[in-house]
Amino acid sequence: MGPMTGIGIEVDGIGLAVPDGASLLTAVRAAGTELPALCSDDRLSPAGSCRTCLVRADGRVVAACVTPASPGARVETATDDLACLRRDAVELIASALPPRALTVDSPSELAHVCRSMGIGPEAARGADGRGEDDSHPYVRLDRDLCIACGRCVRMCSEVQGTFALTLVGRGGDTVVAPGAGGTWAESDCVACGGCVDTCPTGAITQPGPARGLTSGMRPAAARTLTTCGYCGVGCTLDVVTREGEITAVLPARDGPVNHGHACVKGRFAHGFRTSPERLTRPLLRRGGVLEPVGWDEALAHTARELRVAVGAGGPDAVAAISSARATNEDNYLVQKFMRAVLGTNNVDNCSRLCHSPSAAGLTASFGLSGGTDSFDDVQRADCLLVVGANPVEAHPVVGARLLNHVLHGAALVVADPRAVGLALHADVHLRPRPGTNVALFHGLAHILLAEGLVDEEFLRERATGLPELVALLDDYPPERVAGITGVPAEDLVAAARLYGRAERPAVVYGLGVTEHLHGTDGVRSLANLAILCGAVGSDRGYGVNPLRGQNNVQGASDMGALPDVLPGYGKVTDPAVRSRAEDVWGVPVPERPGLRIPDMFAAARTGDLRALWVVGEDVCATDPDTNRVTQALDACPLVVCNELFLSETARRADVVLPAASWLEKDGTFVNFDRRFQRVRPAVPPPGEARTDFDIVRALAAAMGADLGCATPAEALAECGRLAPVFAGLSHDRLDREGAVPWPCPDPGRPGEAKLYTRRFATPDGRAHLAAAPYLPPGEEPDDAYPLLLVTGRRWAHYNSGSMTRHGGNLALDPVDFLDLHPDDAHRYGVRDGERVAVESRHGRARLVARIGERTAPGQVFCSFHFPTSGVNRLTSDHADTVTSCPEYKVTAVRLAVP
Ligand code: SF4
């Protein structure tokens, strides 16, 4: 046995060490002793209210959950009198419940405790009578089984931060209830499932076959550990199956990012899998109609038409949009197919539409395209600057962790035009006019310099570009910046002081920074703040961290599904990079960079692009200026689409290939803080649907090519041979270790969670300050289009909504709303709940008005989760001048008669 560290303690004569701050309950369980603790959950603060964990410590009987372990303490658990006391406490609790609480097949924690103590159903002598609340699709409350332990209330407040639940009543009548009164469905509940997962009695359950199942149990059914396929947080989920069907998806207690938490999407939104609308057979367009065909026919047709396209226009007449939803291995194979089989670099992925400015900006400022620090470190920051992000809705587990950190004392500056969830808890909420970020960041930088809040040694030793930036910042005093952004000068000063005076600040940002005409300048100007304060690549702070949108948008780019770089970000124009790939693939790699997604559509409209393969993206719903996207697809002679459903894009395709979902495939994802994590199939794909990995290999075979890489594990191994930053990664390693961040060049060493501790990855090893002037957005309001539209995500849905709309989440959020301020509602005579038409210079959409103060006057907001409402017909083709990322966040619109 190695030397003991931490607090030395003795439990029933066994010596052990527990960490500082551990409770006696932790110590007892570490000693292998089972102890009931009905009001306790490791994820929560202790309550000490149920008295079922009584032990004797140094002669005193105490509740183990609320008693800290102290050095040298001697703890007894096994004496008859203690067993008796605990049994009395459990019996007292059980006696108030109806007998059905303790039926022999009850999976609840309480029933398990009673069985272990020999307490039978006859001990439950209470009566039913308080009734149920079954108003919610995912949460059912059985009030008669509530023991008022408060675990659900603490889960909702301490972990989720929603504060939707409370305990009402007195004494034995105390029961959990939605805090605002009314039904559960009417409450603020965001269906994270935390209350369901912690409830020890079955009072709060998930309806259906998973009823009563929680992450703390070991059910008889099969479990598969995998990574969530919705957002870029990368929660580890435990998928429970019975007879080949999913009965529950539970948050993994030891998930490295989620720590036993999840959100409504990962936790509950898996009903899409068995939707009758799911595609189960390939479809081929004949006589204008999509008809079911066999795989051989679909693949042979696609291969034939690809050859025709290449024959007519050369390899560059074909392009592929790979998928940020698909695995790394799928993406690796798609780009390999395009480069090695067809001979073109025409491959891109939807990071083009969201975080391509992050890749360009972070690379230019620091050297690599990912966030600079791990999220665990970000959660150690004493000041968070959250910019252009609404993690409470779009990245709920990160949002909950950030909120939790703020509630525990971290300072918070939110910069966002809307009153997003975190803004309610901010010390300073900056509300810049959409499109003015660069001026805002320069204003903050000006104040940092003016007030001496910069790290001069860091700037001297580790940065470049200071003189140019200082000269530029002369033009950005707070008063001028206030005029450009609409943010009061005193708020700018307060925010800059909070960030600049913090000991360990961190920047977290989202698409509100990138999806602009000058998105890359926005990222770089934001990065300036961290460089000025020496808060990146040092122990002075936790850098600059983008919240990636889709589950694998980081990985799709890492794998080289981009037109200008190969796996690992080596440029296709670099002969040494190409040569390394050619050595592995055995074929020449084209040297001319390929088309970006918007250029693919433009080329299709002009007839230069003759075939487009869209892998798992609904470009007709999510890409801007939909009318021009549909024109492009209609003009393209061959459109092939891998999909789960007959999406708007699939409807226009010539060949539709039914694809497996994230719950049905094997591989890896990379989350927003660069962690590789395993994805494992919990169930088989429906009907004849296949994984994207198999589809790419089969299409290559139909074209007479062998892509190698018989399995996803082999594909990742091959990728590591091309890209040194991934050389230390493998499926076996991830199976052993769980999450591993990149860069990870060595299988024997950990990946780098925190970057640039010695030098930046730029050619000169320094961080590069950027002196880009503020330039106005592509559109501004005018008399004809007086409102500014911002688009974004809402909590119950994801992106085009293809998965979340095919399941219970539709009951939680059934339509696309247009959020507008009461002043504007009054000005334009709009009533809450009324259908409205919204028009821009590019198109028209129909939405339902929702009046409230989250949006500022003169601005409106909507999501893009419902393709039929046509939101992206409104958005323009203005795009980031560096990366072509669309300007989703600024569109001038007007309200019109529906
Ligand atoms: Fe976690 Fe995001 Fe999945 Fe929600 S959608 S469970 S936050 S990974």
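In the block above lies the structure referred to throughout.
Just so it is clear, the structure is predicted and the values come from calculations on it, not from any experiment.

A. Spotlight on the site of the ligand. As a structural note, the neighbourhood of the ligand is formed by Cys 228, Tyr 230, Cys 231, Val 233, Gly 234, Cys 235, Cys 263, Lys 265, Gly 266, Pro 396 and Val 397. Those elements that place two or more of their residues in the shell around the ligand are α6 (264–268) and α12 (396–407). Among the residues forming the shell around the ligand, the class breakdown is 8 nonpolar, 2 polar and 1 charged.

B. Highlighting helix α2 (residues 80–95). The terminal C-alpha atoms of α2, which comprises 16 residues, lie 22 Å apart, in line with the 22 Å expected from a rise of 1.5 Å per residue. At its buried positions, α2 is contacted by β3 (54–57), β4 (60–63), β5 (74–76) and α3 (109–116).

C. Representation of helix α16 (residues 478–485). Taken together, the buried positions of α16 are occupied by Pro 478, Val 481, Ala 482, Ile 484 and Thr 485. Down the axis of α16, the sector holding all buried residues measures 165 degrees, keeping them to one side. Exposed residues lying more than 90 degrees from the buried face of α16 are Glu 479 and Gly 483. Summarising the contacts, the buried residues of α16 are in contact with α13 (437–450) and α17 (489–501).

D. Region of the structure containing the packing of aromatic side chains. Inspection of every chain in the model, using the stated rule, returns 13 aromatic pairs. For the ring pair Tyr 230 and Tyr 798, a centre distance of 6.2 Å and an interplane angle of 70 degrees mean the geometry is edge-to-face. Taken as a pair, Tyr 230 in the loop between β11 (222–227) and β12 (236–242) and Tyr 798 in the loop between β31 (787–792) and α29 (809–812) lie far apart in primary sequence, 568 residues in all. You'll find Tyr 230 and Tyr 798 in the same group, each marked buried. Arranged with centres 5.8 Å apart and planes meeting at 35 degrees, the rings of Phe 366 and Tyr 756 form a pair that is tilted. Here Phe 366, found in the loop between α9 (356–365) and α10 (375–378), pairs with Tyr 756, found in the loop between β29 (740–741) and β30 (767–768); they are 390 residues apart in sequence, far enough to count as distant. Accessibility classification places Phe 366 together with Tyr 756 in one group, the buried group. Note that Arg 418 overlies the ring of Phe 861, its terminal NZ or CZ placed 3.5 Å from the centroid. Between Arg 690 and the ring centre of Trp 295, over which it is positioned, the NZ or CZ distance is 4.3 Å.

E. Inspection of the sheet that holds strand β17 (residues 347–348) at higher detail. Spatially, the 7 strands line up as an open sheet ordered β15-β14-β26-β25-β24-β16-β17, and their pairing is mixed. The open sheet has two edge strands with one neighbour each: β15 (289–292) and β17. In terms of strand pairing, strand β25 (residues 638–643) meets strand β26 (residues 655–658) through 4 bridges, oriented parallel. Bridging across to β26, Glu 643 finds its partner in Pro 658. Most of the contacts of helix α7 (residues 295–313) go to β26, to which it runs at about 135 degrees, and overall it touches β14 (283–286), β16 (318–321), β24 (611–615), β25 and β26. Along the sheet, helix α22 (residues 597–606) makes contact with β16, β17 and β24, crossing β16 at roughly 140 degrees.

F. Geometry of the environment of Tyr 499. You can see Tyr 499 is positioned in helix α17. A relative accessible area of 3% places Tyr 499 in the buried class. On a C-alpha basis, the gap between Tyr 499 and Ala 530 in space is 9.2 Å, while along the polypeptide they are 31 residues apart. Excluding its chain neighbours within four sequence positions, the residues that come into contact with Tyr 499 are Cys 383, Leu 385, Leu 448, Pro 505, Ala 506, Val 507, Leu 529, Ala 530, Cys 533 and Ala 535.

G. A look at the sheet that holds strand β27 (residues 667–670). With antiparallel pairing, 3 strands are arranged side by side in an open sheet as β27-β28-β29. Edge positions in the open sheet fall to β27 and β29, since each of these has one partner strand only. Inspection of the sheet shows strand β28 (residues 675–679) paired to β29 by 2 bridges, in the antiparallel sense. Residue pairing in the sheet places Arg 675 in a bridge with Pro 741 of β29. Across the face of the sheet, helix α8 (residues 328–342) comes into contact with β27 and β28 while running at roughly 95 degrees to β27.

H. Representation of the pattern of salt bridges. Summed over the entire model, instances satisfying the criterion amount to 51 salt bridges. For Asp 41, the salt bridge goes to Arg 151, with nearest N and O atoms at 4.0 Å. Here the residue Asp 41 occupies a position in the loop between α1 (24–30) and β3, and Arg 151 occupies one in helix α4 (residues 151–160), the gap between them amounting to 110 residues. Across the pair Asp 142 and Arg 100 runs a salt bridge whose closest N-O atoms are separated by 2.7 Å. Highlighted residues: Asp 142 in strand β7 (residues 140–142) and Arg 100 in the loop between α2 and α3, separated in sequence by 42 residues. For Asp 142, a relative accessible area of 0% translates into the label buried. One network of salt bridges, in which partners are shared, links Asp 41, Arg 43, Glu 109, Arg 151, Asp 197, Arg 253 and Arg 267.

What counts and how
Residues numbered from 1 in each chain as written. Predicted model: local features only at pLDDT ≥ 70, side-chain atom pairs only at ≥ 80, totals over all residues. Heavy atoms only, no water. Near = heavy atom within 4 Å. Helix = DSSP H or I, 4+ residues; strand = E, 2+ residues; numbered from the N terminus. Nonpolar A, V, L, I, M, F, W, Y, C, P; charged D, E, K, R; others polar. Expected span 1.5 Å × (residues − 1). Contact = heavy atoms within 4.5 Å. Buried < 20%, exposed > 50% of the residue type's maximum accessible area, 1.4 Å probe, protein only. Arc of directions from axis to C-beta. Phe/Tyr/Trp six-rings, centres within 6.5 Å; stacked < 30°, edge-to-face > 60°. Lys NZ or Arg CZ within 6 Å of the ring centre and 35° of its normal. Pairing = 2+ DSSP bridges. Axes fitted to C-alpha atoms, helices over the stretch in contact; angles between N-to-C directions. Salt bridge = Lys/Arg side-chain N within 4 Å of Asp/Glu carboxyl O.

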